[in-house]
Amino acid sequence: MMSRLVLLACVFCGVLGAQAADPPAPRTAPAPRSGDADAPLFRWRVGASLGAGYSALLVKPEHDRSMPNAGMQGEFALWGRVTHRDSGVSANLRVCWGCHGLELEEAALAWRPLPVFSVRAGRLNVHAGSFNARHDFNTRATLTKPLTRMMGGMVRQTEFNQGVLPAPYVDNGVNAALELDFGAAAMRLDGYVLAGLKGVGNDIAFDRSRNFPDNNGEPSFGATFGLETPLLSLHLAYLWGNYDADARRSYQIASADFGARLGPVTLEGEIAWRQTQFTRAGSPGGEDQFWKWGWWLQADWNIVDTLRLTLAADSLNVKGIYLASFGPTPNAALAVTDDNNRVIRGTLGLSYTTVGGVLLRLSGEYWEFSDFNDAWVVQAGIGWAF
Amino acid sequence: MTWRLWVVPVLLLALGAGCAATTRWDAEYERAPQAVRADWDLARRRCSRCHSLERVFLQLELDNDRDDVRWTVEDMARRPSSGIAPQEVEPITGALDWYRTRQNPR
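As a convention, each chain's residues are numbered from 1 in the sequence order in which they are written. Going through the entries in the order they are written, you letter the chains from A and number the ligands from 1. It should be noted that, the model being predicted, local features are given only for residues of pLDDT at least 70 and side-chain atom pairs only at 80 or more, the latter also being counted only at that level, while totals for whole chains, interfaces and linings use all residues. Computation of side-chain values: all heavy atoms of the structure, hydrogens and water removed.

Observations concerning the overall build of chain A
Then, number 1: Within chain A, the regular secondary structure consists of 3 helices and 20 strands.
Then, number 2: Burial here depends on accessible area, computed with a 1.4 Å probe over protein chains only, as a share of the maximum for the residue type. Under 20% is buried, over 50% is exposed, and the range in between is partly exposed. Taken across its 386 residues, chain A has 54% of its residues classed as buried.
Then, number 3: In what follows, residue pairs with any heavy atoms lying within 4.5 Å of each other are defined as contacts. In chain A, 57% of the contacts between residues at least 6 apart in sequence involve partners at least 24 apart.
Then, number 4: Total accessible area computed for chain A in this model is approximately 16300 Å², and 65% of it derives from carbon and sulfur atoms. Working definition: helices are DSSP H or I runs of at least four residues, strands are E runs of at least two. Numbering for both runs from the N terminus. Each accessible area value is a Shrake-Rupley result obtained with a 1.4 Å probe; residue values ignore everything except the protein chains displayed when judging cover.

Topic: the overall build of chain B
Then, number 1: When helices and strands are counted, chain B shows 6 helices and 0 strands.
Then, number 2: Start at the N end of chain B and walk to the C end: the helices and strands fall as α-α-α-α-α-α.
Then, number 3: A buried classification covers 59% of the 106 residues belonging to chain B.
Then, number 4: In chain B, once contacts between residues fewer than 6 apart in sequence are set aside, the share between residues at least 24 apart is 69%.
Then, number 5: Split by element, the accessible area of chain B, about 4500 Å² in all, is 58% carbon and sulfur.

Focus: the packing of helix 2 (residues 24-31) of chain B against helix 3 (residues 34-47) of chain B
All names here are of chain B.
Then, number 1: Interhelical geometry of helix 2 versus helix 3 gives an angle of 165 degrees and a closest axis separation of 9 Å. The orientation of helix 2 relative to helix 3 falls into the category roughly antiparallel. Every pair of crossing elements has a handedness; the one defined by helix 2 and helix 3 is right-handed. Touching Trp25, Asp26, Glu28, Tyr29 and Glu30 of helix 2 are Arg37, Trp40, Asp41, Ala43 and Arg44, all from helix 3.
Then, number 2: Here the term charged refers only to Asp, Glu, Lys and Arg, the term nonpolar to Ala, Val, Leu, Ile, Met, Phe, Trp, Tyr, Cys and Pro, and the term polar to all other amino acids, Gly among them. A breakdown of the residues in the contact of helix 2 with helix 3 according to their chemical character gives 4 nonpolar, no polar and 6 charged. Here the axes come from fitting lines to C-alpha atoms, over the contacting stretch only for helices, and the angles between their N-to-C directions go from 0 to 180 degrees. In what follows, roughly perpendicular refers to angles from 65 to 115 degrees, roughly parallel to angles under 35, roughly antiparallel to angles over 145, and oblique to any angle outside these ranges. Each helix crossing is assigned a hand: it is left-handed if the near helix lies turned anticlockwise from the far helix by less than a right angle, otherwise right-handed if that turn is clockwise.

Quick look at the confidence of the model for chain B
Then, number 1: pLDDT expresses, on a scale from 0 to 100, how confident the predictor is about each individual residue. Taken residue by residue, chain B gives an average pLDDT of 82. The fraction at 70 or more is 77%.
Then, number 2: Ranking the elements of chain B by mean pLDDT puts helix 1 (residues 2-20) of chain B last, at 58, and helix 6 (residues 89-103) of chain B first, at 93.

Concerning the side chain of A:Thr310
Then, number 1: If you trace the backbone, A:Thr310 turns up in strand 15 (residues 307-319).
Then, number 2: Here a polar contact is taken to be a pair of N or O atoms separated by no more than 3.5 Å, where protein atoms must pair a possible hydrogen donor with a possible acceptor and residues adjacent in sequence count only if both atoms sit in side chains. Looking at A:Thr310, its side chain comes within polar contact range of the side chain of A:Asp300, at 2.6 Å.

Overview of helix 5 (residues 66-78) of chain B
Then, number 1: Here, expected helix span is obtained from the residue count minus one, scaled by 1.5 Å. Compared with an ideal rise of 1.5 Å per residue, which puts 13 residues at 18 Å, helix 5 of chain B spans 18 Å between its outermost C-alpha atoms and is within 8% of the ideal.
Then, number 2: Most of helix 5 of chain B is tucked away: 11 of the 13 residues are buried.
Then, number 3: Residues of helix 5 of chain B that are buried include every one of B:Arg66, B:Asp67, B:Asp68, B:Val69, B:Arg70, B:Trp71, B:Thr72, B:Val73, B:Glu74, B:Asp75 and B:Ala77, and no others.
Then, number 4: Check the buried side of helix 5 of chain B and you find it contacts strand 1 (42-58) and strand 2 (71-84) of chain A together with helix 4 (53-62) and helix 6 of chain B.
Then, number 5: For helix 5 of chain B, the N-terminal capping position is held by B:Asp65, with its side-chain oxygen 3.2 Å away from the main-chain nitrogen of B:Asp67.

Some thoughts on the pairing of strand 7 (residues 186-194) of chain A
Residues and elements named next belong to chain A.
Then, number 1: Here strand 7 shows a buried face lined by Ala186, Arg188, Asp190, Tyr192 and Leu194 and an unburied face lined by Met187, Leu189, Gly191 and Val193.
Then, number 2: Bridge count between strand 6 (residues 170-181) and strand 7: 9 bridges; the pairing is antiparallel. Paired with Ala177 across the strands is Asp190, a residue of strand 7.
Then, number 3: Whether two strands pair comes down to DSSP finding at least two bridges between them. Linking strand 6 to strand 7, which pair antiparallel, is a turn of 4 residues; within it Gly183 sits at a positive phi near 85 degrees.

Considerations on helix 4 of chain B
Then, number 1: Extensive coverage of helix 4 of chain B is indicated by the burial of 7 of its 10 residues.
Then, number 2: Of all the residues in helix 4 of chain B, the buried ones are B:Leu53, B:Glu54, B:Arg55, B:Val56, B:Phe57, B:Gln59 and B:Leu60.

A short note on the packing of aromatic side chains
Then, number 1: A pair of Phe, Tyr and Trp rings is counted when the ring centres sit within 6.5 Å of each other, with Trp represented by its six-membered ring. The angle between the planes then sorts it: under 30 degrees is stacked, over 60 is edge-to-face, the rest tilted. Across all of its chains, the model carries 15 aromatic pairs over all chains by this definition.
Then, number 2: Ring centres of A:Phe160 and A:Phe369 lie 6.0 Å apart, and the angle between their planes is 50 degrees; on these two criteria the pair is classed as tilted. Of this pair, A:Phe160 sits in helix 2 (residues 157-160) while A:Phe369 sits in strand 19 (residues 359-369), and the two are 209 residues apart along the sequence.
Then, number 3: Classification of A:Phe369 by relative accessible area gives buried; the value is 6%.
Then, number 4: Arranged with centres 6.4 Å apart and planes meeting at 50 degrees, the rings of B:Trp40 and B:Phe57 form a pair that is tilted. Placement of B:Trp40 in helix 3 and of B:Phe57 in helix 4 is noted, with a sequence separation of 17 residues between them. Across the pair, exposure class does not vary: B:Trp40 and B:Phe57 are buried alike.

Printed below as a string of structure tokens:
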């Protein structure tokens with residue numbers, strides 16, 4: 001343990017000592033924008049993000065199927081964006097064929113009636129946490145996601161029923177944003193009216209939450225606050241809604257995340273918390289609740305522009321409900337654990353980008369469970385995005 | 001024991017490769033005029049926070065004019081935790097447009 005700490009301390013001291021912080025920058029004189037007459041009527045862009053990865057779950061007994069995404073996986077996304085010159089209205093579209101088949105990840109209009117005020121409507125990427133805006137398969141330094149936002153790549157995914165909230169969190173709704181520019185800093189306030197996360201039984205189900213119809217006919221609400229400075233980004237989010245068809249069981253989600261750049265090292269971290277109401281047998285619902293929360297801390301060291309070393313640690317906790325082989329349950333007779341569960345994970349990864357942008361990744365993870373066997377996961381992947 | 005077996009070779013590999021490599025972004029920095037160098041370095045630090053710099057080169061191959069470049073930089077700056085302050089949009093746009101016009105004058 002001591003040698004591990006010394007090794008990590010050496011790496012970080014060397015990196016941080018080499019360049020303590022970003023030097024100030026702006027130098028070139030602003031150039032005027034093209035006149036409207038010169039600009040094209042529509043400005044458009046298309047892109048793709050393609051890749052495949054292999055995940056090996058190393059756990060006793062062998063042939064364990066507790067990680068649904070073990071084995072070979074692929075994600076294939078296409079996106080497009082077009083903006084109209086005169087109105088400033090833009091349309092954004094993104095489709096992804098991956099873990100869940102073909103999914104419409106974004107189909108929204110974005111309208112900016114004022115320089116400081118914008119509206120998005122349609123099928124949205126809900127920016128509840130900044131990781132959600134960068135969930136793309138080929139944007140991450142490792143193949144996995146934080147446990148706060150974990151989905152199919154989780155060991156014991158069925159028992160824990162995944163993370164605190166999905167990534168991407170995609171929903172139908174409207175988003176209004178107020179953006180304030182202070183020069184060296186920017187502040188952004190967002191409000192959301194959404195269909196909301198959906199579920200049956202005693203918990204939210206991420207797969208059902210992707211369905212288009214609103215299961216209970218009632219809106220859910222969200223608010224976020226973001227602060228951007230050259231040294232630090234800060235993002236707070238809150239979501240509330242009912243997830244069941246009868247609109248009797250609510251959820252509340254709160255998250256806070258930050259990002260900072262120190263020389264060649266990018267630090268990111270998040271805390272996410274969810275309170276979910278559930279129903280005991282014979283009850284009308286809404287009087288019991290359990291808590292799911294987690295944290296995530298990641299350091300990416302850009303050894304050079306093309307080579308990145310990643311160290312990450314994260315945790316997920318579930319308290320107030322038992323875990324069964326089919327998911328969280330209030331029934332102790334069906335449970336395989338007690339009502340207080342935790343997993344902690346450490347990740348070490350290396351990624352390399354070739355000329356032309358092909359991204360190669362290799363990572364190893366150690367999962368330590370409070371109530372299940374510990375596990376190792378090794379992942380390797382190749383991807384390309386433009 | 002398993003940890004040590006894993007960590008040591010990976011770190012040695014990373015450090016060795018890191019010490020040996022000179023990147024395309026570095027090469028462009030050497031070619032850049034003095035007035036652009038600081039902003040080119042700023043663009044490196046901001047863009048590489050979320051994605052590889054090769055993705056920037058690919059996009060600049062497609063951009064037609066400075067407004068195209070600015071459109072992308074503004075879009076990136078608005079994303080949560082982009083780390084791009086409003087006053088940095090123009091310097092980053094200027095540096096990227098210097099590369100675009102040199103590589104692909106249109």
